[in-house]
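Analysis of the macromolecular model
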Amino acid sequence: MTSALHKRALSTGFVDAWFCFTRDPRLTSAQQQYEAILSSSELAQYQQLKHADNGWDYLVSRALLRTVLAEYCELGPEELEFQVNDFGKPKLSNSSLAPVIQFNTAHTSGLTVCVVTRDHAIGVDIECRAENPGILNVADDYFSPLELQALKSREEGEQLDYFYRYWTLKEAYIKARGEGLSVPLHDFSVVLGADGEFVEFVGPQAESWDFRILCQNSAYTAALSMNSQISGLNYFNSVPLGPQSEHSAADAFNNLSVVDSARRRRLG
């Protein structure tokens, strides 16, 4: 067996954020390879979703997760095994590095994200704006009084952007905790500054948690939560089993041309 984290090194406090646009035309030629690396349960789930709108997104998200985690441990993508807790949060179960590698994944229409760190619980959420045109209406049900006051103090034209920031930060925290909605969303608060960046967390063991907005553009908002100080972020675009590229925080998640061109071909 090779040494710990022999392929890619992880330093405590640093997070690797991997993303893939699922409408990237380079993905289609690898469909059979992606299906081949799924577990039997993942393949069954994919078969159920195959004829639905989100079937392809699911397949690419699992392929991204498996190929990314294989970058950090001694197993191939098809060899990785997972177990989930009572609330569905997964962890590696058959790697000697399982206690070290912490990860979480999320996908939405057209985009999937996987975040990886070491030692500390982590969560990620991503939302597609086009899927939820009336989502502002749910703020009263899920946001804390502090968040609602801050949201409603924003200019009307800014409120949707800020809603998605609050929502993804809160969902990322829930996913990092791994306790599902047994942690009510209105029982804790994230505080944003004038520029929309994370400032403060108001909740249990607040000093132990850190948050980041990973992206917000015309199509997507993504956020990260970790049970430790976040010392740095690295961004990687990946075609599973194919090319990879590193990006700056400024240009990560912004290469929408492959998504738009693929969508035009599909709808044309």
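Scroll up a little and you will see the structure.
Computed from a predicted structure; not experimentally measured.

1. Comments concerning unusual backbone geometry
A negative phi holds for most residues other than glycine; trans holds for most peptide bonds. One non-glycine residue with positive phi stands out, namely Asp119, at about 80 degrees. Tracing the backbone through its elements, the reader meets Asp119 in the loop between β5 (111-118) and β6 (122-128). Judged by relative accessible area, which is 37%, Asp119 ranks as partly exposed. If you check the backbone angles, Phe253 has positive phi at about 70 degrees while not being a glycine. Summarising the element assignment, Phe253 is placed in the loop between β12 (244-247) and α7 (257-267).

2. Brief notes about the nonpolar core
In summary, soluble globular proteins display a tendency toward joint burial of nonpolar side chains. Formed by 32 residues in total, the largest nonpolar core has its most connected members in Leu69, Ile101 and Val116. Every element with two or more residues in this core is listed here: β1 (14-21), α2 (40-49), α3 (55-69), β4 (101-108) and β5. When residues of this core are assigned to their parent elements, the largest contribution, nine residues, is made by α3. If sequence neighbours within four positions are ignored, Leu69 has contacts with Leu80, Phe82, Leu92, Ile101, Phe103 and Val116. Core analysis: the next-biggest nonpolar cluster, separate from the first, contains 25 residues, Ala139, Ala176, Val183 and Phe211 among them.

3. Quick look at the sheet that holds β12
Spatially, β4-β5-β1-β11-β12 is the arrangement adopted by the five strands of the open sheet, whose pairing is mixed. What marks the edges here is a single partner per strand, and that holds for β4 and β12. Pairwise comparison of adjacent strand axes, ignoring direction, gives a mean angle of 20 degrees for this sheet. Relative to β5, β4 runs antiparallel, the two being bridged by eight bridges. From the neighbouring strand, Ala106 faces β5, where its bridge partner is Val113.

The rules we used
- Residues numbered from 1 in each chain as written.
- Predicted model: local features only at pLDDT ≥ 70, side-chain atom pairs only at ≥ 80, totals over all residues.
- Heavy atoms only, no water.
- Helix = DSSP H or I, 4+ residues; strand = E, 2+ residues; numbered from the N terminus.
- Buried < 20%, exposed > 50% of the residue type's maximum accessible area, 1.4 Å probe, protein only.
- Core = buried A, V, L, I, M, F, W, Y, C linked by side-chain atoms within 4.5 Å.
- Contact = heavy atoms within 4.5 Å.
- Pairing = 2+ DSSP bridges.
- Axes fitted to C-alpha atoms, helices over the stretch in contact; angles between N-to-C directions.

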